[in-house]
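Take a look at the letters that make up each chain.
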Amino acid sequence: THTELLGEWLHLAENHQVRVGEEYLPELLELGTNRKALAEAICAVIGRRGEWLAALNPVWRYASGSGENWGETWETGAEEQRIRAFSKLRTDDPDLARQLLSKSWKSETPTLRAKVVALLATNLSQADEEFLEAALDDRRKEVRDEAAKLLPQLPQSRLRERMAQRLTPLLKVSGLLRKSIEVILPSECTPAMQRDGISEKVPVQFNKMGERAWWLWQMLAVTPTQLWQRRFNLTPQRLVEVATRSEWSDLLLDAWQHAVTLHQEAEMASTLADYFSTHNPAQLLHVLEAVPAAYLEEKLKQSLRQRNAVLDGQEPTTILLFNYRRPWSEELSRLFANALQRTVQLPFNYQTHGWIHGQLSQIAQYIAPLLATEAVFDLKVTRDDWTMLARTIDEFVAIVQFRHVPGD
């Protein structure tokens, strides 16, 4: 029942230092083989008996590593055990993890190298730069790609400096009263650019973009927007304003929304969110990860506080609610429930209300569980044209109530 809540339950169990009952271990270990995103959380709550049981079945070995000596497991374990051991070492002692990986790097299989180098993202620091720079020359493309993703995140990395040097001649601000950004496209994708992760060939999802524009987009997407704020002496608000006057505005803003997420630039992310919410709501979703929760909460509450606010699936506020995948405050949850109650009193229109069927169960996973005890949560469908979605609303209520009820 309510398997969509299993991830939340596992994290709560770990935080409260409890383990899963023995009778559930086989089914849970099996689930971890198919749902990799849950594997780490499962490992944290199976206890010593779970680790013993996992060692008896080859497909459960991902959970059989020894917490007493992860270094030994890295040296002698099967591939999945070694990957788990490296992940644990990287969390507990990142320098030791890197040293062990460096020691065995040349003898590792290309597949394992590709999987493990991505784990360096945990506790990433300047001390990892030398190793990652060397990984840019690896024979395996997946290894090179992962290294190129991580290096721009280091504030003092040589790769970030190389990108800045390439970009500086390509963008400039012109004009006096109505400033605009002029763009010069790169003339070639050099071997040095390709070593730093710039792909020469335009992927299918960017097929409307020319090659030279694609090269520029990639460089902008991994470079902090603070480079342009400092160089042009512009606030985030003014930088976005000036960029919108450029003939390359779509490219600039699209690349920057990737950059603010990569570098967690909260102020610029909020500025882009303000712009996209008015001009291009679909783009708004791409910057949510970098936007501070307090900003999003306030923006959503302001919209829902409006008199007789209802939930229209085509409106930016409702779209934002679909994608706000963080724990909601009690106030936001209450405002949402009120708006949902008003919405189901309106004549049903699939174009504006059909979202409820697909999104409401997702929202139920983030809404404040305490709401289940309040009168505002007494959601009833009374109109005949809403009966087709009555079951969906009942399931929404059931999920929130289930999350609220204390365990045995």
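Residues numbered from 1 in each chain as written. Predicted model: local features only at pLDDT ≥ 70, side-chain atom pairs only at ≥ 80, totals over all residues. Heavy atoms only, no water.

**Some thoughts on the packing of helix 3 (residues 36-43) against helix 6 (residues 79-92)**
It is at 12 Å that the axes of helix 3 and helix 6 come closest, and there the two elements cross at 65°. By the criterion of interaxial angle, the relationship of helix 3 to helix 6 is roughly perpendicular. Both helix 3 and helix 6 take part in a crossing whose hand is right-handed. Facing Lys36, Glu40 and Cys43 of helix 3, the residues of helix 6 in contact are Glu80, Arg84, Ser87 and Lys88. For the contact of helix 3 with helix 6, a count of residues per class yields one nonpolar, one polar and five charged. (Axes fitted to C-alpha atoms, helices over the stretch in contact; angles between N-to-C directions. Helix = DSSP H or I, 4+ residues; strand = E, 2+ residues; numbered from the N terminus. Parallel < 35°, antiparallel > 145°, perpendicular 65-115°, else oblique. Left-handed = near helix turned anticlockwise from the far one by under 90°. Contact = heavy atoms within 4.5 Å. Nonpolar A, V, L, I, M, F, W, Y, C, P; charged D, E, K, R; others polar.)

**So, the pattern of salt bridges**
All told, the structure shown has 34 salt bridges when counted by the stated rule. Of the charged contacts, one joins Lys141 and Asp145 as a salt bridge, the two residues approaching to 2.7 Å between their closest N and O atoms. Taken as a pair, Lys141 and Asp145 lie in helix 10 (residues 141-150) at a separation of four residues, close to a single helical turn. Several salt bridges converge on common partners, so that one network encompasses Glu133, Asp137, Arg162, Arg166, Arg195 and Asp196. (Salt bridge = Lys/Arg side-chain N within 4 Å of Asp/Glu carboxyl O.)

**Looking at helix 21 (residues 330-343)**
In an α-helix, one full turn covers 3.6 residues, which means residues spaced three or four apart are oriented alike. Helix length check: helix 21, at 14 residues, gives a terminal C-alpha distance of 20 Å against a target of 20 Å (1.5 Å per residue), a fit within 8%. Leu332, Ser333, Leu335, Phe336, Ala337, Ala339, Leu340 and Thr343 are the residues of helix 21 that are buried. Packed against the buried residues of helix 21 are helix 19 (293-304), helix 20 (316-323), helix 22 (350-353), helix 23 (355-363) and helix 24 (390-404). (Expected span 1.5 Å × (residues − 1). Buried < 20%, exposed > 50% of the residue type's maximum accessible area, 1.4 Å probe, protein only.)

**Thoughts on the environment of Ala37**
With respect to the secondary-structure elements, Ala37 resides in helix 3. The class for Ala37 is exposed, based on a relative accessible area of 78%. Taking the C-alpha atoms as reference points, Ala37 and Gly7, 30 residues apart in sequence, are found 8.8 Å from one another.

**Describing the side chain of Thr343**
Turning to its location among the elements, Thr343 is positioned in helix 21. In terms of polar contacts, Thr343 uses its side chain to reach the backbone amide nitrogen of Leu311, at 2.9 Å. Within the local environment of Thr343, its side chain forms a polar contact with the backbone oxygen of Ala339, the two atoms lying 2.6 Å apart. (Polar contact = N/O pair within 3.5 Å; in protein donor to acceptor, adjacent residues only side chain to side chain.)

**Remarks on the packing of helix 23 against helix 24**
Between two packed helices, what matters for the description is the angle formed by their axes and the separation of those axes. Put simply, helix 23 and helix 24 touch, their axes get as near as 9 Å, and they point 5° apart. Classified by the angle between their axes, helix 23 and helix 24 sit roughly parallel to one another. Across from Ile356, His357, Leu360, Ser361 and Ile363 in helix 23, the residues of helix 24 making contact are Thr392, Ile393, Phe396 and Ile399. Per-class residue counts for the contact of helix 23 with helix 24 are six nonpolar, three polar and no charged.

**Some thoughts on helix 1 (residues 6-15)**
For helix 1, the full list of buried residues reads Leu6, Gly7, Leu10 and Ala13. The buried side chains of helix 1 occupy one side of the element, clustering within an arc of 125° when seen end-on. Buried residues belonging to helix 1 abut helix 2 (25-34) and helix 3. Where helix 1 terminates, the next one or two residues include Gln17, which has phi positive at roughly 55°. (Arc of directions from axis to C-beta.)

**Structural notes on the packing of aromatic side chains**
Tallied over the entire structure, the rule returns 14 aromatic pairs. Ring geometry for Trp228 and Phe232: centres 5.8 Å apart, planes at 25°, overall stacked. Of this pair, Trp228 and Phe232 both sit in helix 14 (residues 226-232), four residues apart, roughly one helical turn. We classify Trp228 as buried; its relative accessible area is 0%. Relative accessible area serves as the criterion here: at 14%, Phe232 is assigned to the buried category. Summarising the aromatic geometry, the rings of Phe348 and Trp386 are spaced 5.1 Å apart at their centres and angled 80° between planes, so their arrangement reads as edge-to-face. Of this pair, Phe348 sits in the loop between helix 21 and helix 22 while Trp386 sits in the loop between helix 23 and helix 24, and the two are 38 residues apart along the sequence. (Phe/Tyr/Trp six-rings, centres within 6.5 Å; stacked < 30°, edge-to-face > 60°.)

**Re the nonpolar core**
General note: in soluble globular proteins, nonpolar side chains tend to be found buried as a group. Core analysis: the largest hydrophobic core is formed by 109 residues, its most contacted members being Leu171, Ile181, Leu220, Trp256, Phe336 and Phe396. Ranked by residue count, the leading element in this core is helix 13 (residues 211-221), at eight residues. Discounting residues that sit within four places of it in the chain, Leu171 has contacts with Ile181, Glu182, Val183, Leu216, Leu220, Trp228, Arg231, Phe232 and Leu252. Formed by 19 residues, the second largest nonpolar core is a distinct cluster that contains Leu10, Leu28, Ala39 and Ile46. (Core = buried A, V, L, I, M, F, W, Y, C linked by side-chain atoms within 4.5 Å.)

**A short note on the pairing of strand 1 (residues 171-174)**
Examined bridge by bridge, strand 1 and strand 2 (residues 180-183) share four bridges and lie antiparallel to one another. By the bridge assignment, Ser174 is partnered in strand 2 with Ser180. Connecting strand 1 to the antiparallel partner strand 2 that follows it, the hairpin turn spans five residues, and Gly175 within it adopts a positive phi of roughly 95°. (Pairing = 2+ DSSP bridges.)

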